[in-house]
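Here are the chains, one letter per residue:
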Amino acid sequence: MKGLIAWIVLFLALVPGVAGARDVALAPATCALGADSQAAALALPVSALDCSRGRFLQGERFVRLHADLPEPIAATEQLYWRVDPALFDSILLQLRWQDGSTSSLRIDPETAARNWTAPLYSAFALPAPPGGRLVAIDAVVERPRTLAVLRDAHIVDADTLSRNHYGASLIAMLTIGMLLVPVFHTLIFHRLLRAPFILWHAGMALSMAVFVLMHSGLIFAALPDFPLAWRWQLNSGAFVASIVCAAYFTTGLLEKGTLPPGWRRMILLALIPPVALKLLLLADLEAVRPYAGRFFAYSYAPLMIVLPAALIHALRRGSRAAGFTLFGFGGVAIGGAAIMIEISGLLLGQLGADVILRGSLVLMSLATSAAVADRFMVMRMQLDRERSRAARLGAMAYTDALTGLANRRAFDESAVLREGYGLIVADLDHFKRINDEGGHDAGDRVLVRVADTLRRVYEDCTQATTYRLGGEEFAAIVPADDPAELARHAEALRAAIEGDRGGEAALWALTASIGAAQGRNQALGDAFSEADEAMYRAKRQGRNRCNVPGISSAPAEDVPGDVWERVRSRI
């Protein structure tokens, strides 16, 4: 927020610098009329020209403009005729001085581009007789594409031109910089959260920056020979692109369920008029030239109505993102309305619509950036919760609910018993008696006690994994380089189960029969069959013993002393 206030203060500090000592707007004194040729336009008597409110809405190929200055302007210093060039084919400028002399100046699009001056004008030095006083101006414009070419003409002095250029250029560059900043942090967000609306926001901000670059004419500072026609087409094209990106950004940003599909379709349908008219402008057809500019501006009206209405609807349904976005788009709607009023010809360019529009674009970029950041944080928290939930569900899917050991599903997914490991399968002896005499609750308590024993036996062996395979059958995969080491692991477990004198286990003199299989990179299913068969041999041999292929039995005295003492201390 402090950064935004600083930008606003800097902007306001620069605004006084764009005002000059002499800046005479010609529009109030200008009358206009169309003609079929340049000669016919020049031959029109001044009394025949249209001086009504809609005088600039001329549709002919050539438009004659005439302005009698209310007060003669002394040419004691270099004067300039400044106009918004937009796009035209040619301009013939004729000046009449108080002493009766005349001067003329021919302007083509290439000359206009080379004479660019901020904020969005071209300025042409006026040839003047020594000590002359300018009293009237005539101009004939061939194929003007916008009303600005006809309407936004000024007479300025060199000092005014310089101040305008400096202040407006700096403001335009700051605007572009402010529009580009969200592009970078938006792309950073996208690396963390792959959401399409983040890319649409980056495209919107980038398109806005291109629009300001073209609209302000700063492109000519870097590329003096950049074609005027390209600037004009890219100017409107970048604006259309920013609006399209804004619409898709909005529909993707709003939280699920806050904007019904019908509203989304209406927003996307409202994009058709500006996109279609932009394609028509690319053709630059003479039949539509007089009206294309105005209709292009009016084509945004449906979107200016539908988008705020959709955001208000989403806001009423609890959307957080809609509040930020509505605030940002509100300024653009005001700027767009100002342009529509100006382009209608009802007001003579005194609204400052271009300044309002560019300021509103910055406001929209900042507000939508805040919306992206807020939505990012919300979605990130939701994603973290979903991942945590998925992790919990995953753990539940691979964990035995009663004992907390890994279950049969987790065991089966191990797939291979690698070399250097061994599989131990333990089955409790006479467990049915416990269930029959003590009830299933007692049986469950015994199973939990055995699981605790299994964990205690292998808790110092970080590479060991323990399982309850089902019923009274348990398993462990432990590091073992040979059958002898595997037999010692198995006997340690057997002794720990037999020696447990706590809880339910003490009541039933609990023992277990254990079989094992040495890892040879075989399928775990094959290893389990081998260990299971060994376990049943242990039962047939009298129970409460271990059977490891290659080693008939490993009695308790063969267990290393440190292992045995550690096991006994935990029982």
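That block above? That's the structure.
Let me sum up the structure you'll find in this document. Counting starts from 1 at the beginning of each chain's written sequence and moves along it residue by residue. For a predicted model such as this one, the threshold for reporting local features is a pLDDT of at least 70, and the threshold for listing and counting side-chain atom pairs is 80 or more; totals across whole chains, interfaces and linings nevertheless cover every residue. Each side-chain value is worked out from all heavy atoms of the structure, with water and hydrogens disregarded.

Digging into empty space enclosed by the protein
Condition: Only protein atoms enter the 1 Å grid, on which a cavity is a set of points fitting a 1.4 Å probe that cannot get out and a pocket is an open set with protein on both sides within 12 Å along at least 5 of 7 lines, lining residues being those with an atom within 4 Å of a point. Grid points are joined across faces, edges and corners, and a volume is the space filled by probe spheres set on the points. Numbering goes from the N terminus for both helices and strands, where a helix is a DSSP run of H or I of at least four residues and a strand is a run of E of at least two. Residues are grouped as follows: Ala, Val, Leu, Ile, Met, Phe, Trp, Tyr, Cys and Pro are nonpolar; Asp, Glu, Lys and Arg are charged; all remaining types, including Gly, are polar.
Applying the stated criterion across every chain, the model contains three cavities of 30 Å³ or more. Lining the largest cavity are 13 residues, with Leu26, Thr30, Leu65, Trp81 and Ala153 positioned closest to its centre. The set of elements that each furnish at least two residues to the lining of the largest cavity consists of strand E3 (62-74), strand E9 (133-142) and helix H4 (147-151). Residue classes in the lining of the largest cavity are distributed as nine nonpolar, two polar and two charged. One number sums up the size of the second largest cavity: a volume of about 50 Å³. Around the second largest cavity sit Arg145, Trp232, Leu280, Leu281, Asp284, Leu285, Val288, Arg289, Ala292 and Gly293, which together line it. Broken down by secondary-structure element, the contributors of at least two residues to the lining of the second largest cavity are helix H10 (272-283) and helix H11 (289-298). No other element matches H11, which puts three residues into the lining of the second largest cavity.

A short note on the packing of helix H9 (residues 261-269) against helix H12 (residues 301-316)
A packed helix pair is summarised by two numbers, namely the angle formed by the two axes and the spacing between the axes. What counts, and what does not: Only the stretch in contact is used when a helix axis is fitted, and all axes are lines through C-alpha atoms; the angle between N-to-C directions ranges over 0 to 180 degrees. By the definition adopted for this analysis, an angle is roughly parallel if under 35 degrees, roughly antiparallel if over 145, roughly perpendicular if from 65 to 115, and oblique otherwise. In this scheme the handedness of a crossing depends on how the near helix is turned from the far one: anticlockwise by less than a right angle means left-handed, clockwise means right-handed. Any two residues whose heavy atoms approach within 4.5 Å are treated as being in contact.
Two numbers describe how H9 lies on H12: the axes approach to 9 Å, and their chain directions differ by 155 degrees. With respect to H12, the element H9 is oriented roughly antiparallel. Handedness of the H9/H12 crossing: left-handed. Counting all contacts with H9, which are made through Trp263, Met266 and Ile267, the residues of H12 involved are Leu303, Val306, Leu307, Ala309, Ala310 and His313. Looking at side-chain class alone, the contact of H9 with H12 contains eight nonpolar, one polar and no charged residues.

Structural notes on the environment of Arg264
Applied cut-off: Remark: exposure states derive from per-residue accessible area (1.4 Å probe, protein chains only) relative to the maximum for the residue type, with buried under 20%, exposed over 50%, and partly exposed in between. Side-chain atoms alone can form a polar contact between residues adjacent in sequence; in general such a contact is a pair of N or O atoms within 3.5 Å, and within protein one must be able to donate a hydrogen while the other accepts it.
Here Arg264 lies in helix H9. Relative accessible area serves as the criterion here: at 23%, Arg264 is assigned to the partly exposed category. In sequence terms Arg264 and Thr251 are 13 residues apart; their C-alpha atoms lie 6.2 Å from each other. Reaching out from Arg264, the side chain makes a polar contact with the backbone oxygen of Leu259 at a distance of 3.2 Å.

Quick notes on the pattern of salt bridges
Under the convention used in this document: Any Lys or Arg side-chain nitrogen located within 4 Å of an Asp or Glu carboxyl oxygen qualifies as a salt bridge.
This model, assessed by the stated rule, comprises 22 salt bridges. When the shortest N-O distance is used, the salt bridge between Arg468 and Asp400 registers 3.3 Å. Here Arg468, found in strand E13 (residues 465-470), pairs with Asp400, found in the loop between helix H14 (353-397) and helix H15 (408-412); they are 68 residues apart in sequence, far enough to count as distant. Here Arg468 matches Asp400 in class, with each residue buried. Between Asp412 and Arg408 there is a salt bridge, and its shortest N-O distance comes to 3.2 Å. You can see Asp412 and its partner Arg408 sitting in helix H15, four residues apart, about one turn around the helix. The exposure class assigned to Asp412 is partly exposed, which follows from its relative accessible area of 46%. Classification of Arg408 as partly exposed rests on a relative accessible area of 31%. Here the salt bridges do not stand alone but share partners, grouping Asp89, Arg143, Arg145, Asp284, Glu286 and Arg289 into one network.

Points about the environment of Leu228
Along the chain, Leu228 turns up in helix H8 (residues 228-253). For the pair Leu228 and Arg114, spaced 114 residues apart in sequence, the C-alpha to C-alpha distance is 9.4 Å.

Describing helix H17 (residues 483-499)
Basically, it comes down to this: Given a helix with a known number of residues, its expected span is that number minus one, times 1.5 Å.
Given a rise of 1.5 Å per residue, 17 residues ought to cover 24 Å, and the 24 Å separating the end C-alpha atoms of H17 matches this to within 8%. Taken together, the buried positions of H17 are Leu486, Ala487, His489, Ala490, Glu491, Ala492, Leu493, Arg494, Ala495, Ala496 and Ile497.

Topic: the sheet that holds strand E12 (residues 421-428)
Backbone hydrogen bonds are what pair the strands of a sheet, in a parallel or an antiparallel way. Spelled out, the test is: DSSP calls a pair of strands paired once it identifies at least 2 bridges connecting them.
Across the sheet, which stays open at both edges, the five strands sit in the order E13-E14-E12-E15-E17 with mixed pairing between neighbours. Every interior strand has two partners, whereas the edge strands, E13 and strand E17 (546-547), have only one. Bridging between strand E15 (residues 512-518) and E17 involves two bridges; their strand directions are parallel. Residue Ile514 lies in a different strand from E17, and its bridge partner there is Cys546. In the packing of helix H16 (residues 431-458) onto the sheet, contacts are made with E12, E13 and strand E14 (473-479), and the angle to E14 comes to roughly 10 degrees. Helix-sheet contacts for helix H19 (residues 524-540) involve E12, E13, E14, E15 and E17, and the interaxial angle to E15 is about 145 degrees.

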